[in-house]
Amino acid sequence: MVETATGTTANQGPLSPELLAKMDAYWRAANYLSVGQIYLKDNPLLERPLTLDDVKPRLLGHWGTTPGLNFLYLHWNRVIRERGLNMIYIIGPGHGGPGLVANTYLEGSYSEIYPYIGQDRDGIKRLFRQFSWPFGVPSHVAPETPGSIHEGGELGYSLVHAFGAAFDNPDLIVACVVGDGEAETGPLATSWHSNKFLNPATDGAVLPILHLNGYKIANPTVLARIPHAELEDLMRGYGYEPFTLEGDDPATMHQQAASLFDTIFDRIAAIQKAAREDGATERPAWPMLILRTPKGWTGPKFVDGKPVENTWRAHQVPLSGLRENPDHLRQLEEWMRSYKPEELFDAKGRLREDLAEIAPKGRLRMGMNAHANGGLLLKPLIVPNFRDFAVKIEGRGQQDVESTRVLGRLLHAVMKANHDQKNFRVFGPDETASNRIGDVITGTGKRWMAETLPVDEELSPNGRVMEVLSEHMCQGWLEGYLLTGRHGFFSCYEAFIHIVDSMVNQHAKWLKTTREIPWRKPIASLNYLLSSLVWRQDHNGFSHQDPGFIDHLLNKKADVVRIYLPPDANTLLSVADHCLRSHNYINLIVAGKQPAPQWLTMDEAITHCTTGLGIWPWASNDGGNPEVVMACCGDVPTMEALAAVTILRERVPDLRIRVVNVVDLMALEPQSEHPHGLPDEDYDRIFPPDVPTIFAFHGYPWLIHRLTYRRHNHDGLHVRGYKEEGTTTSPFDMCVLNNIDRFQLALDAIRRVPRLAAQVGAAEQWYSEQIQRHKLYVAENGDDLPEIKNWRWKE
Ligand SMILES: Cc1ncc(C[n+]2csc(CCOP(=O)(O)OP(=O)(O)O)c2C)c(N)n1
Ligand SMILES: [Mg+2]
């Protein structure tokens, strides 16, 4: 019987002495392999004394979080085996990469996926060497790591990913480690509320584990330095039932963990049974675990006289400067030998057979769980024929339609068509109705497990639309949902999608990397609809006016991002159909919700969207030989460009004008830069090299220059767009403030066509008069001039 500091005894608990010994050995093996990855390039089993030649020249990795992660992995292995659980493991502090690599290696997944990392001495040597090594594997729980859907490099998104993975996966359990530092981030702080959206009857379970190792990189964590009761109250306040496991004596901790985890998984099973078999409908208090263990547990206790284990000093590489400091080398060897590698691996370097039994088998191994390679489970989305939702064009531009409302009908049909396979959800920060895709809610409802009042509409525990006022949560849930092999759609106000700039960066990196990993199967694209656009946020004002997400996305790899600005409802339908069916992209659709003129028949829309940009012959009178190209991209700019054409027709009737509309922004880029890029010959046919182009663009104008700078006649391209002028004003005044209005575009054309040089003075005078008239009218009447408001295209 082993007396421990906490007064309990190590042989009290559900683990038999044999099992306890084996489990502890397995944990030592995982810790040993983790340290080995950080430090060694040779002598993997320490079969001879450690020398500097065995040690990597650059020591890169994070030790501090790793033993705790390994401890949990070990114990998940036991519960998975004993209960036949279908479980994945999400690691918030993704810098614990060595631990996940070590565990997937020990369970055999790693060698199955990467056969050159075999289960022997040579395999371990390669495993060590490749870690954080040029052309090797990354230091984090990256896409290369089996069983991962979460890199964890940028902290904050573990818990939303976990919930996203659990929605509509009733058999799945997602164990999710939240770093106590990570818990200080905004996205993580709000993620706890995901439990108000998870239905125990139809979704899987998420087990959050707050990894309270006390420290971040150089500081204590907030949650580790508040009274424990306050922390538990915080978790209770979030609606969880907190359990705490605390200690540092391994044997005692194994017993306590085994006993506690039995309780926790019994709780989860009971909650699910109550909801699934007994008809319980109230929101349950799901269990969560607070794991209070030392940072750098089992590592060096002191280095150079300073405490390391259980301090922030354990965060990265506890022993550095090995070349300069022979004692550090000695300490490293002592540390590694403390795990007794000779007891863990046989003479060939293979994990001892009796220890290997600790891991579950086959697909139950967390490194092999298909949910963590979602493409394996991906069922194609059923998309009803979008042509059935077409807007009938009776006279171009003659009737106004809210384009996004039309899309809402298609999304509703998609929802219905996939109702049985339960693999499609729409996400939004309380803007589904506001962005006018509200039809998608009809009959499907909005997911809600919290309290309801009679005034509430369409809230339901079975709702399929996910609405929460956190762009972070919408993005994170959707990512988790997609990464586990389902489909989704995120609608958001254009200005506020920036809140997830950083998250989309990470998702784009994930997609870019997975494209190069053959065993990672393609997943459904992440689809955004941005509505409530800059030009029609005249009522909400300057804070709501920002089209810059397009610029942000454009920085990403060309093979990952697609950006569409459909000018009307039919082009929007065609684009949406394409995006919903696509894989491994981030698709951005920018489309207005306000009543707006409709231009293309469905057949024309499909052709237009297929090429990405094209001449609108019905709006052009260039006879194949234009003097000016009026180009446009985005719904309001398209209307302004066409209005400018009607003005030019009156003022300069013989001017040969070509109208070009761009729906796929990437078509402007050279083909060498983007697969959607138009070949140079086609580009030159549409934008003839000696003809000026006046380009009205939805977003920041310099973006168009960035895309086209290698094209011929870049000097002849004159772009108008949003230049950060705005306020609460009239819709047309927004255009005037940014010089993208019809009068400005018409003047630009006159200024740029050499033949019209003599008319420029008069045109400038006329332009000033129009703007004066507009300003006076809106100031007096609070609305746009009737001829502007009621403007119609003239055939
Ligand atoms: C959003 C974000 N900010 C900062 C960092 C830099 N960083 C990496 S690890 C770390 C400390 C993490 O502490 P914790 O979450 O407690 O993890 P653990 O103690 O388990 O290592 C920080 C600040 C980061 N990776 N992501
Ligand atoms: Mg920590």
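Residues numbered from 1 in each chain as written. Chains lettered and ligands numbered in written order. Predicted model: local features only at pLDDT ≥ 70, side-chain atom pairs only at ≥ 80, totals over all residues. Heavy atoms only, no water.

Things to note about the packing of helix H1 (residues 17-39) against helix H2 (residues 66-83)
Line of reasoning, step 1. Across the interface, H1 lies against H2 with an axial gap of 9 Å and an inter-helix angle of 135°. In terms of orientation, H1 and H2 fall into the oblique class. Handedness of the crossing formed by H1 with H2: right-handed. Along the contact surface, H1 presents Leu19, Met23, Tyr26, Trp27, Ala30, Asn31 and Ser34, while H2 presents Thr66, Pro67, Asn70, Phe71, Leu74, His75, Asn77, Arg78 and Glu82.
Line of reasoning, step 2. Classifying every residue of the contact of H1 with H2 gives eight nonpolar, six polar and two charged. (Axes fitted to C-alpha atoms, helices over the stretch in contact; angles between N-to-C directions. Helix = DSSP H or I, 4+ residues; strand = E, 2+ residues; numbered from the N terminus. Parallel < 35°, antiparallel > 145°, perpendicular 65-115°, else oblique. Left-handed = near helix turned anticlockwise from the far one by under 90°. Contact = heavy atoms within 4.5 Å. Nonpolar A, V, L, I, M, F, W, Y, C, P; charged D, E, K, R; others polar.)

Some remarks on the pairing of strand E21 (residues 693-697)
Where a strand is regular, its side chains alternate between the two sheet faces.
Line of reasoning, step 1. The element E21 is extensively covered by neighbouring structure, given that five of its five residues are classed as buried.
Line of reasoning, step 2. Where strand E19 (residues 628-633) and E21 come together, five bridges link them in parallel fashion. Across the sheet, residue Ala631 finds its bridge partner in E21, namely Phe695.
Line of reasoning, step 3. The pairing of E21 with strand E22 (residues 717-720) spans four bridges and is classified as parallel. Bridge assignment links Phe695 to a residue of E22, and that residue is Val719. (Buried < 20%, exposed > 50% of the residue type's maximum accessible area, 1.4 Å probe, protein only. Pairing = 2+ DSSP bridges.)

Notes on helix H18 (residues 602-611)
Line of reasoning, step 1. All buried positions along H18 are accounted for by Met602, Ala605, Ile606, His608 and Cys609. Looking straight down H18, one finds that the buried residues subtend no more than 165° of arc, so they occupy a single side. More than 90 degrees from the buried face of H18, the exposed residues found are Asp603, Thr607 and Thr610. (Arc of directions from axis to C-beta.)

A look at the nonpolar core
Side chains of a nonpolar character, in soluble globular proteins, are inclined to be buried together.
Line of reasoning, step 1. By size, the foremost hydrophobic cluster in this structure holds 178 residues, and its most contacted members are Trp76, Tyr89, Phe261, Phe265 and Leu665.
Line of reasoning, step 2. A per-element tally of this core places H1 first, with 13 residues.
Line of reasoning, step 3. Judged by nonpolar contacts, the second largest core, of 83 residues, contains Ile393, Leu573, Val575 and Ala605. (Core = buried A, V, L, I, M, F, W, Y, C linked by side-chain atoms within 4.5 Å.)

Re the side chain of His544
Line of reasoning, step 1. Relative to the elements of secondary structure, His544 occurs in the loop between strand E14 (526-531) and helix H16 (549-554).
Line of reasoning, step 2. Here the side chain of His544 touches Ser543 through a polar contact of 2.8 Å, side chain to side chain.
Line of reasoning, step 3. For His544, the contacting residues outside a window of four places in its chain are Tyr493, Ala495, Phe496 and Gln537. (Polar contact = N/O pair within 3.5 Å; in protein donor to acceptor, adjacent residues only side chain to side chain.)

Describing the site of ligand 1
Line of reasoning, step 1. Around ligand 1 sit 16 residues, and of these Thr65, His95, Asp180, Gly181 and Lys295 come closest.
Line of reasoning, step 2. Within the side chain of Asp180, a nitrogen or oxygen atom sits 2.6 Å from an oxygen atom of ligand 1.
Line of reasoning, step 3. Take Gly181: an N or O atom from its main chain is 2.7 Å from an oxygen atom of ligand 1.
Line of reasoning, step 4. In the complex, the protein chains occlude 74% of the 590 Å² of accessible area that ligand 1 would expose alone. (Near = heavy atom within 4 Å. Areas by Shrake-Rupley, 256 points an atom, 1.4 Å probe, with all protein chains shown as cover.)

What to know about the coordination of the magnesium ion (ligand 2)
In an ideal octahedron of six donors the angles at the metal are 90 or 180 degrees, and in an ideal tetrahedron of four donors they are 109.5 degrees.
Line of reasoning, step 1. The magnesium ion (ligand 2) binds to the protein through Asp180 (OD), Asn213 (OD1) and Tyr215 (O); the donor distances cover 2.0 to 2.2 Å.
Line of reasoning, step 2. Sequence spacing of the donor residues for the magnesium ion (ligand 2), all on one chain, is D-x32-N-x1-Y. Placement of the pair is Asp180 in the loop between strand E2 (172-179) and helix H7 (186-191) and Asn213 in the loop between strand E3 (205-211) and helix H8 (228-237), with a sequence separation of 33 residues. Like Asp180, the residue Asn213 is buried in the burial classification. (Donors = N, O, S within 2.8 Å, 3.2 Å for Na, K, Ca; no water.)

Thoughts on the sheet that holds E21
Line of reasoning, step 1. Taken together, five strands build an open sheet; the order of strands is E18-E20-E19-E21-E22 and the sheet is mixed. Every interior strand has two partners, whereas the edge strands, strand E18 (613-615) and E22, have only one. Sheet twist, expressed as the average angle between the axes of neighbouring strands with direction ignored, equals 20°.
Line of reasoning, step 2. Running at roughly 160° to E21, helix H23 (residues 742-752) makes contact with E19, E21 and E22 of the sheet.

A short note on the packing of helix H14 (residues 471-483) against helix H15 (residues 501-514)
In a pair of packed helices, the angle between the axes and the distance between the axes together describe the arrangement.
Line of reasoning, step 1. Relative to each other, H14 and H15 sit at 15°, their axes nearing to 10 Å. Considered as vectors, H14 and H15 are oriented roughly parallel to each other. Every pair of crossing elements has a handedness; the one defined by H14 and H15 is left-handed. Residue-level inspection shows His472, Gln475, Gly476, Glu479 and Leu483 of H14 in contact with H15, the latter providing Met503, Val504, His507 and Trp510.
Line of reasoning, step 2. The residue inventory of the contact of H14 with H15, partitioned by class, reads four nonpolar, four polar and one charged.

A word on unusual backbone geometry
Line of reasoning, step 1. One non-glycine residue with positive phi stands out, namely Leu46, at about 50°.
Line of reasoning, step 2. The topology assignment puts Leu46 in the loop between H1 and H2.
Line of reasoning, step 3. Phi at Ser132 is positive, roughly 50°, even though this residue is not glycine.
Line of reasoning, step 4. For Ser132, a relative accessible area of 16% puts it in the buried group.

Focus: the environment of Leu72
Line of reasoning, step 1. Tracing the backbone through its elements, the reader meets Leu72 in helix H2.
Line of reasoning, step 2. Residue class for Leu72 comes out buried when judged on its relative accessible area of 0%.
Line of reasoning, step 3. Separated by 182 residues in sequence, Leu72 and His254 have C-alpha atoms that sit 9.8 Å apart.
Line of reasoning, step 4. Excluding anything up to four places from it in sequence, Leu72 contacts Tyr89, Val177, Ile209, Phe261, Leu289 and Leu291.

Quick word on the packing of aromatic side chains
Given two aromatic rings, their pairing is described by the distance between the two centres and the angle made by the two planes.
Line of reasoning, step 1. Summed over all chains, the structure comprises 33 aromatic pairs.
Line of reasoning, step 2. Ring geometry for Tyr32 against Phe345: centres 6.2 Å apart, planes inclined by 50°, an arrangement best described as tilted. Of this pair, Tyr32 sits in helix H1 while Phe345 sits in the loop between helix H11 (341-344) and helix H12 (353-356), placing them 313 residues apart in sequence.
Line of reasoning, step 3. The exposure class of Tyr32 is buried, given its relative accessible area of 0%.
Line of reasoning, step 4. On the basis of an interplanar angle of 75° and a centroid distance of 5.8 Å, the ring pair of Trp192 and Tyr240 is categorised as edge-to-face. Of this pair, Trp192 sits in the loop between H7 and E3 while Tyr240 sits in the loop between H8 and strand E4 (241-246); the two residues are 48 residues apart in sequence, bridging distant segments of the chain.
Line of reasoning, step 5. A residue is classified by how much of its surface remains accessible, and Trp192, at 2% relative accessible area, is buried.
Line of reasoning, step 6. Linked through ring pairs, Tyr73, Trp76, Tyr89, Phe261 and Phe265 together constitute an aromatic cluster.
Line of reasoning, step 7. The ring of Tyr585 has Arg562 lying over it, and the distance from NZ or CZ to the ring centre is 4.1 Å. (Phe/Tyr/Trp six-rings, centres within 6.5 Å; stacked < 30°, edge-to-face > 60°. Lys NZ or Arg CZ within 6 Å of the ring centre and 35° of its normal.)

What to know about the pairing of E3
Line of reasoning, step 1. Burial runs high along E3: seven of the seven residues are buried.
Line of reasoning, step 2. The alternating pattern of E3 places Ala205, Leu207, Ile209 and His211 on one face and Val206, Pro208 and Leu210 on the opposite face, and all of these are buried.
Line of reasoning, step 3. Where E2 and E3 come together, seven bridges link them in parallel fashion. What sits directly across from Cys176, in E3, is Pro208.
Line of reasoning, step 4. Note on the crossover from E2 through H7 to E3: the handedness is right-handed.
Line of reasoning, step 5. Both E3 and strand E5 (residues 287-292) contribute to a ladder of three bridges, which runs parallel. Paired with Ile209 across the bridge in E5 is Leu289. (Right-handed = clockwise from strand over helix to strand, strands pointing away.)

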